[in-house]
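Close look at the chain arrangement
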Amino acid sequence: MLFVAICIEEEDIQNEVKMFLCMFSVKSNISIEIHIYSSGKKLENKILLGVKYDLIYLDISMVDADEIATAKKIRKMDEDVLLIYIIKNDLFDLELFRLNAFSIIKCPIQEQDFMKEFLKAKEKISNKKCYFIFRYKQEEFKVICHEILYFESVGRQIIIHLVDGNVKHFNGKLSEVEIKLRGGKVPFIRIHQSYLINYFWISSRSKTVVTIANQISLPISEERRQRFNFEYRKLLE
């Protein structure tokens, strides 16, 4: 799943970018969730609330300082998001390079050019970080999978324990989280009805306990012991 924001004021250009993304999604069987913003301020507010995107298409007018200011704020809030600027004239500003533009697309947008830049962006995203996406109180959040120590199920709530000691909450089932993460770049192993742990952070194990990097010890349930040992050895190999 790719999370893409389109921040463009003109509705016709909004629709054109969205159409190209939808076409690629269908042709390549890749899920793309698209959020559209008509102003930079609305996009900034969403990012401030914790919403993270893989890729943002941002309308940049070389004569509008507000749009470049939006790009600066986004870059400060999220150093990893890829920014593709849509420009409507041939004027150019070296400021864009200082904002770490991934690419620049000129209007009128050519389908071949758009697809070429999108494929480059997708490849870079795929080779970078992977995220776990969840929703809580009508907001959507994502956390970097490698920074997750383990998931804990408490009643109907899932608690995400992060490397930095912070925790995130959302409502759901641990079995659904396990299925969602299966086959991903970061392997997670179920050791208990209540625990799903990040393999990369395991520092030691015994017959009944797994210890992860920050010295937290979690129990291995008897019914999951055999499966855990099999998956752990397979990953070691």
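Not measured: the values here are computed from a predicted model. (Residues numbered from 1 in each chain as written. Predicted model: local features only at pLDDT ≥ 70, side-chain atom pairs only at ≥ 80, totals over all residues. Heavy atoms only, no water.)

The next subject is the sheet that holds strand 8 (residues 148-154). The antiparallel open sheet is built from 5 strands, whose spatial order is 10-9-8-12-11. A single partner strand is all that each edge strand has here, and the edge strands are strand 10 (167-171) and strand 11 (188-192). Taken pair by pair, the neighbouring strands of this sheet meet at an average axis angle of 20 degrees, ignoring direction. Strand direction decides the pairing type here: strand 11 and strand 12 (residues 195-198), joined by 4 bridges, are antiparallel. If you follow I189 over to strand 12, its bridge partner there is I197. (Pairing = 2+ DSSP bridges. Helix = DSSP H or I, 4+ residues; strand = E, 2+ residues; numbered from the N terminus. Axes fitted to C-alpha atoms, helices over the stretch in contact; angles between N-to-C directions.)

Within the secondary structure, I68 sits in helix 3 (residues 65-77). With relative accessibility at 10%, the residue I68 sits in the buried group. Residues I68 and G40, spaced 28 residues apart in sequence, show a C-alpha to C-alpha distance of 9.6 Å. (Buried < 20%, exposed > 50% of the residue type's maximum accessible area, 1.4 Å probe, protein only.)

As a further point, take the pattern of salt bridges. Here the structure, examined in full by the defined rule, presents 10 salt bridges. Note that K41 is salt-bridged to E44, the shortest N-O span being 4.0 Å. Highlighted residues: K41 and E44, both in helix 2 (residues 40-48), separated by 3 residues, approximately one helical turn. The buried category is assigned to E44, whose relative accessible area is 6%. (Salt bridge = Lys/Arg side-chain N within 4 Å of Asp/Glu carboxyl O.)

All right, on to the state of the cysteines then. In this structure the tally under the stated criterion is 0 disulfides. Between C7, a free cysteine, and C107, which holds the nearest cysteine sulfur, the sulfur-to-sulfur gap is 14 Å. Assessed through its relative accessible area of 5%, C7 is described here as buried. Given a relative accessible area of 24%, C107 falls into the partly exposed group. (Disulfide = S-S within 2.5 Å.)

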